[in-house]
Amino acid sequence: MTSATHQAIEAVWRIESARLVAGLARIVRDVGLAEDLAQDALVAALERWPESGVPDNPGAWLMATAKHRAIDQLRRGKMLERKHAELGVELEARQVSPEGDLDAALDDDVGDDLLRLIFTTCHPVLSTEARVALTLRLLGGLTTDEIARAFLVPEPTVAQRIVRAKRTLAEARVPFEVPRAAERADRLASVLEVLYLVFNEGYSATAGDDWLRPALCEDALRLGRILAELTPGEPEVHGLVALMEIQASRTRARVGPAGEPVLLLEQDRSRWDHLLIQRGLTALARAESLGGSLGPYALQASIASCHARAATPEETDWTRITALYDALAQLTPSPVVELNRAVAYAMAFGPAAGLEIADPLVSEPSLRHYHLLPAVRGDFLAKLGRFEEARAEFERAAALTRNARETRLLLERAAACLPRSS
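(A) Up close: the packing of helix α17 (residues 351-358) against helix α18 (residues 372-383). Axis separation between α17 and α18 bottoms out at 9 Å; the angle between their running directions is 150°. Crossing hand, α17 versus α18: left-handed. The segment α17 lies against α18, with P351, G354, L355 and A358 engaging L373, R377, F380, L381 and K383. Taken together, the residues of the contact of α17 with α18 break down into six nonpolar, one polar and two charged.

(B) Just the nonpolar core, in detail. In this structure, L20, L24, F199 and L227 are the most contacted members of the largest nonpolar core, which totals 82 residues. Top contributing element to this core by residue count: helix α1 (residues 3-28), with ten residues. Core analysis: the next-biggest nonpolar cluster, separate from the first, contains 21 residues, F380, L410, A414 and C417 among them.

(C) Broad picture of the confidence of the model for the protein. Put simply, the protein has an average pLDDT of 85, and 88% of its residues get 70 or more. Every residue in residues 88-110 scores below 50 in pLDDT, and together they form 30 contacts with partners more than four places removed in sequence or on other chains.

(D) Here's a closer look at the packing of aromatic side chains. A complete count under the given rule lists five aromatic pairs for this structure. Where Y345 meets F349, the ring centres are 5.4 Å apart and the plane angle is 55°; that geometry is what we call tilted. Here Y345 pairs with F349, and both are found in helix α16 (residues 335-349), just four residues apart, close to one helical turn. The buried category is assigned to Y345, whose relative accessible area is 18%. The ring centre of W272 lies 5.8 Å from the NZ or CZ of R250, which sits over that ring. It is R254 that lies over the ring of Y203; its NZ or CZ is 3.8 Å from the centre.

(E) Representation of the environment of A342 in the model. Here A342 lies in helix α16. For A342, a relative accessible area of 0% gives the class buried. Each C-alpha atom, one on A342 and one on D359, is 9.4 Å from the other, the two residues being 17 residues apart in sequence. What A342 contacts, discounting residues up to four positions off in sequence, is G354, I357, A358 and F380.

(F) Examining helix α11 (residues 214-230) more closely. Over its 17 residues, α11 extends 24 Å from the first C-alpha to the last, a length consistent with the 24 Å expected when each residue adds 1.5 Å. Among all positions of α11, only L216, C217, D219, A220, L221, L223, G224, L227 and A228 are buried.

(G) Spotlight on the environment of P351. Take P351: it is sitting in helix α17. With 31 residues separating them along the chain, P351 and A382 place their C-alpha atoms 9.1 Å apart. If we skip the residues at most four places from it in the chain, P351 touches A346, F380, K383 and L384.

Calculation notes
Residues numbered from 1 in each chain as written. Predicted model: local features only at pLDDT ≥ 70, side-chain atom pairs only at ≥ 80, totals over all residues. Heavy atoms only, no water. Axes fitted to C-alpha atoms, helices over the stretch in contact; angles between N-to-C directions. Helix = DSSP H or I, 4+ residues; strand = E, 2+ residues; numbered from the N terminus. Left-handed = near helix turned anticlockwise from the far one by under 90°. Contact = heavy atoms within 4.5 Å. Nonpolar A, V, L, I, M, F, W, Y, C, P; charged D, E, K, R; others polar. Core = buried A, V, L, I, M, F, W, Y, C linked by side-chain atoms within 4.5 Å. Buried < 20%, exposed > 50% of the residue type's maximum accessible area, 1.4 Å probe, protein only. pLDDT = per-residue confidence, 0-100. Phe/Tyr/Trp six-rings, centres within 6.5 Å; stacked < 30°, edge-to-face > 60°. Lys NZ or Arg CZ within 6 Å of the ring centre and 35° of its normal. Expected span 1.5 Å × (residues − 1).

Structure below.
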């Protein structure tokens, strides 16, 4: 197989796999079986396309192949036994074959199918790690190896999470459907949490040698955009998309020539992607136009928009940012939000104001191993001229982080606090 053909197949699979699995899952009512059928279609493509060439409509080819394999299984009775109770009475009454029912159903609009799949892979019955792995596998089109490398865990661990997740969904008899209004809000919150977790891991890697993993950001953004199209009336979906678009706009400016991290106030803003900024501002305006008070993602997007609209760091409206963080702290109080609020107050009213908010967080158990707390306190202390204390905080932060790039940055900041010999 030529590398060009292989790349073409990979690209098609990344684009079409979610649609394929979603369409099949609606019919067979089993996410695991749907993925198996989709994988069979991929294997067929790998076998045939190198000789026949990539079809003009590769997505339709994969869907037709998967559909035929599903029908073959129905004919052999492998699926018929499983589906008889659900389809038998209806099909008999309509005097149509299971093949016909499957054929017609797979030709339906795929928008609802994708929405069902998103709500299924992010079901609260699964652990957060399982939701992330299954979502990236089925909706992101990533292999288990790609997911493992992205999150720096062994490939067998990811494979086990995915297998257990599919088994859990089957055993819990989780319906393949968009939940009713009564539970939709809770389920949507789970979906948004997974997407933002994936994005954040790409935007600021928790471990490893790389500061950024752009592919994860791109996957989360793509899934977020799909979700926004499927749920146009949900302001928090647009708020999350706005937040990810604006943050992703800084990607090129966040890394220096040697791969070192470049912090927000030190970035070359001419390198920001202004198309992504505009997309983010448009998504934020859409969230605001839907009325009601802003949710946590829209509030964070509003904070990000303050940075995006400032041509220079000095033009940043820090007073507005403090007000937005005050609102976010009231809506979703947490130690991390409080730490971010401290940074905003330090920028607006001076480092002493920030330290006053950050100091009580030292006794917060959930932040005991959170490297950004000593990093932020070190910054405040350095600006106040308390260099010995600042150095100790930067060194503590460096010891806590698992990201190699971040460790070097923090140790450099600690070294800068040492007294200079005359």
